[in-house]
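Here is what each chain is made of, one letter per residue.
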Amino acid sequence: QVQLVESGGGLVQAGDSLRLSCAASGRTASPYAMGWFRQAPGKEREFVARITWNGGSTAYAASVKGRFTISRDNAKNTLYLQMNSLKPEDTAFYYCALTFTFGLGLSSSEFRYWGQGTQVTVSS
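Owing to the predicted nature of the structure, the values given are computational and were not obtained by experimental measurement.

*Asks:* Honestly, the state of the cysteines in this entry has me stumped. Any pointers?
*Replies:* Disulfide: a covalent bond connecting the sulfur atoms of a pair of cysteines. Taken as a whole and judged by the stated rule, the model has 1 disulfide. Shown here is the disulfide that connects Cys22 with Cys96, its sulfur atoms set 2.0 Å apart. With the S-S bond torsion at -75 degrees, the cross-link from Cys22 to Cys96 turns out left-handed. Note that Cys22 is positioned in strand S3 (residues 18-26) and Cys96 in strand S9 (residues 92-99), a separation of 74 residues in sequence. The pair Cys22 / Cys96 is uniform in exposure class, with both members buried.

*Asks:* Help me understand the pattern of salt bridges, please; the structure alone is not making it clear to me.
*Replies:* A side chain of one charge can pair with a side chain of the opposite charge when the charged atoms of the two come close. The final tally for this structure, using the stated rule, is 3 salt bridges. Taking the shortest distance from any N to any O, the salt bridge between Glu46 and Arg38 comes out at 2.7 Å. The closest approach of N and O atoms between Asp90 and Arg38, which form a salt bridge, is 2.9 Å. Of this pair, Asp90 sits in the loop between strand S8 (78-83) and S9 while Arg38 sits in strand S4 (residues 33-39); the two residues are 52 residues apart in sequence, bridging distant segments of the chain. The exposure class assigned to Asp90 is buried, which follows from its relative accessible area of 1%.

Reading guide: rules and limits
Residues numbered from 1 in each chain as written. Predicted model: local features only at pLDDT ≥ 70, side-chain atom pairs only at ≥ 80, totals over all residues. Heavy atoms only, no water. Disulfide = S-S within 2.5 Å. Helix = DSSP H or I, 4+ residues; strand = E, 2+ residues; numbered from the N terminus. Buried < 20%, exposed > 50% of the residue type's maximum accessible area, 1.4 Å probe, protein only. Salt bridge = Lys/Arg side-chain N within 4 Å of Asp/Glu carboxyl O.

Interpretation note: all reported values are geometric properties and have no functional meaning in isolation.
Put into structure tokens, the structure is as follows:
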């Protein structure tokens, strides 16, 4: 059992920045990867970014590359998403996810554990 709790969402203006956090607890083993996904109203849940826990290999969706940075603190079992130059199209519910299974970690189906999410709203 793994529990994931996101924080850091909020209402900001276009061009602003936010830093999301996701604290993992429960299972003591290190994950293989953790990632961020988002879902906007009327849209499918989409991949945002992921990072492997050990090697720190990152991957980003094209829509956020160059603006968002995913990172993790292994000692704290915490995942972060630094979001800069936010756009209204970034408005969505952001979910933290974790997998213990080796893989690319680019699709939601690969992640077994999910947080409840945190709302990010970017006004124009």
